[in-house]
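Each chain is listed here by its residues.
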2 protein chains.
Amino acid sequence: MLEALKEANAAALEEEVPIGAVIVCKGKIIGRGHNMTERLKDPTAHAEMIAITAATEAMGGKYLNDCRIYVTVEPCPMCAGALAWSQIGEVIYGTADPKRGFSMFSPSLMHPKTRIKSGVMKEDCGRIITDFFKSKRK
Amino acid sequence: MLEALKEANAAALEEEVPIGAVIVCKGKIIGRGHNMTERLKDPTAHAEMIAITAATEAMGGKYLNDCRIYVTVEPCPMCAGALAWSQIGEVIYGTADPKRGFSMFSPSLMHPKTRIKSGVMKEDCGRIITDFFKSKRK
């Protein structure tokens, strides 16, 4: 999750909503990304989407069954849908997103075989978001 | 929708699940795409995602409020989530997808201001999919 936080910090430096993600397979990072919706003017350029595209490229296939994604914030429905298509083995996220998080939808947006873990380093993952929006409001 | 069907046909010729999409703004096509998940080995490469990225690029901004998307099949949750982020004005789809369509989820995955129209040229949109899977099973 420290690596995902590094990505989130990189996003903050680029004036993007600071969310970061890394995808790990067999102990190795095979994809990483941070939110780039502003720079790319593309609403699909979320941290998870960029990390998924990078990871499937690295794997040479469109499934990520043996991988896990670490993401600083609870994925939105778009990203959850993409993670479902990838059949990723595990999703580990930091802070919850009660407004747009995937977990408020039913039936589940994630693949039935995907393990979900939440709250990992949630204070750090949440603080960077709160600080970002605080600085924006000044 | 005829243009979206052309995209779906292009997908079929590439051995991709034949789904196509076009995004129209003020009578002009500003983005188009067809499913490319196999060729790109990328589960995020759905017709709608490719069309959204192309359209926002053409618009120079990440919102598509004044646009409509024509897509041959009901969008999945990933694509619905992406369309929600784009705040697209209208979603017009052909055949329903009772297995993975966005409409089976609640609350709604689409943006509250997006108008939804379904069943447009649904026989043509559905036939190309059915034919594709029939030929695969041979």
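Everything numeric here is computed off the predicted structure, so don't read it as measured data.

Thresholds applied
One numbering rule holds for all chains: residues counted from 1, following each sequence as written. Chains carry letters from A onward and ligands carry numbers from 1 onward, assigned in written order. Where local features are concerned, this predicted model is filtered to residues with pLDDT of at least 70; where side-chain atom pairs are given and counted, the filter is 80 or more; whole-chain, interface and lining totals use all residues. Note that the side-chain values use all heavy atoms of the structure and ignore hydrogens as well as water. Any two residues having at least one pair of non-hydrogen atoms within 4.5 Å are treated as being in contact. The term buried area refers to how much accessible surface (probe radius 1.4 Å) is lost by two components on association, counted for both of them together. The rule for a salt bridge is simple: a side-chain nitrogen of Lys or Arg has to be within 4 Å of a carboxyl oxygen of Asp or Glu. Here a polar contact is taken to be a pair of N or O atoms separated by no more than 3.5 Å, where protein atoms must pair a possible hydrogen donor with a possible acceptor and residues adjacent in sequence count only if both atoms sit in side chains. Helix and strand definitions follow DSSP, with helices as H or I runs of at least four residues and strands as E runs of at least two, each counted in order from the N terminus. Any residue outside Ala, Val, Leu, Ile, Met, Phe, Trp, Tyr, Cys, Pro, Asp, Glu, Lys and Arg is labelled polar, Gly included; the first ten of those are nonpolar and the last four are charged. Only protein chains enter the area calculation, which uses a 1.4 Å probe; residues under 20% of their type maximum are buried, those over 50% are exposed, and those in between are partly exposed. Charged-residue counts in this description rest on Lys and Arg as positive and Asp and Glu as negative, His and the chain ends being excluded.

Student: Tell me about the interface of chain A and chain B, and name the residues and values.
Tutor: Taken together, the contact pairs 28 residues of chain A with 28 residues of chain B. Between chain A and chain B, a total of about 2300 Å² is buried, with carbon and sulfur atoms accounting for 69% of that surface. If you sort the residues of chain A by the area they bury against chain B, A:Pro43, A:Lys62 and A:Trp85 come out on top, with a joint share of 28%. Counting across the interface, chain A meets chain B through 2 salt bridges. The tally of links between chain A and chain B comes to 9 residue pairs in polar contact (both at pLDDT 80 or more). When contributions to the side of chain A that touches chain B are tallied by element, the ones reaching two or more residues are helix 2 (37-40), helix 3 (47-59) and helix 4 (77-86) of chain A. Looking at the side of chain A that touches chain B, the element that brings in the most residues is helix 4 of chain A, giving 6 residues. For the side of chain A that touches chain B, the per-class residue count stands at 12 nonpolar, 11 polar and 5 charged.

Student: Tell me about the side chain of B:Glu48, and name the residues and values.
Tutor: Residue and element names in this part refer to chain B. Secondary-structure assignment places Glu48 in helix 3 (residues 47-59). It turns out Glu48 is buried and unbridged, and the closest side chain with the opposite charge, Arg100, is 12 Å from it. With residues up to four places along the chain from it excluded, the contact list for Glu48 reads Ala21, Ile69, Val71, Val73, Pro75, Cys76 and Cys79.

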